[in-house]
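Inside the fold
One-letter residues, chain by chain:
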Amino acid sequence: MTILYILVPVAIVLVIVAICVFNWAVNNGQYDDLDSPAHSILFDEEDPAHLAARKKTDQGDTSAKNDEQHGDRD
């Protein structure tokens, strides 16, 4: 029973530390782009297919940003 006096505060401190680390990661942009790192490890940087896919993605991001800035023109 006396072990609970040690384990409960330790568990509470660990939860607080985990919440602080999660908040730090979110505020520093660790979760901003979840797809690129997962895809980049699968492809060689000089692979033409990979370069074409990155270019297509970059163009898609650019056109999406332009649509947001100027409104949807459809």
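Residues numbered from 1 in each chain as written. Predicted model: local features only at pLDDT ≥ 70, side-chain atom pairs only at ≥ 80, totals over all residues. Heavy atoms only, no water.

Considering the overall build of the protein chain
Tallying secondary structure elements over the protein chain gives 3 helices and 0 strands in all. When the helices and strands of the protein chain are listed from N to C terminus, the series reads α-α-α. Within the protein chain, the fraction of its 74 residues that count as buried is 3%. Surface exposure of the protein chain reaches about 6,800 Å², of which carbon and sulfur atoms provide 62%. (Helix = DSSP H or I, 4+ residues; strand = E, 2+ residues; numbered from the N terminus. Buried < 20%, exposed > 50% of the residue type's maximum accessible area, 1.4 Å probe, protein only. Areas by Shrake-Rupley, 256 points an atom, 1.4 Å probe, with all protein chains shown as cover.)

A closer look at helix α1 (residues 4–27)
Here α1 contains 24 residues, and its C-alpha end-to-end distance of 34 Å stays within 8% of the 34 Å for a straight helix at 1.5 Å per residue. G29, located one to two residues past α1, shows a positive phi value of around 80°. (Expected span 1.5 Å × (residues − 1).)

Let's talk about the packing of aromatic side chains
Taken as a whole, this structure holds 1 aromatic pair when the rule is applied. Geometrically, the ring pair formed by F22 and Y31 is tilted, given 5.9 Å between the ring centres and 45° between the ring planes. (Phe/Tyr/Trp six-rings, centres within 6.5 Å; stacked < 30°, edge-to-face > 60°.)

Thoughts on the confidence of the model for the protein chain
With 74% of its residues at a pLDDT of at least 70, the protein chain reaches an overall mean of 79. Of all the helices and strands in the protein chain, helix α3 (residues 48–70) carries the lowest mean pLDDT, 67, while α1 carries the highest, 96. (pLDDT = per-residue confidence, 0-100.)

Observations regarding the environment of Y31
Note that Y31 resides in the loop between α1 and α2 (36–40). Non-local contacts of Y31, meaning those with residues more than four positions away in its chain, are made with F22, A25 and V26. (Contact = heavy atoms within 4.5 Å.)

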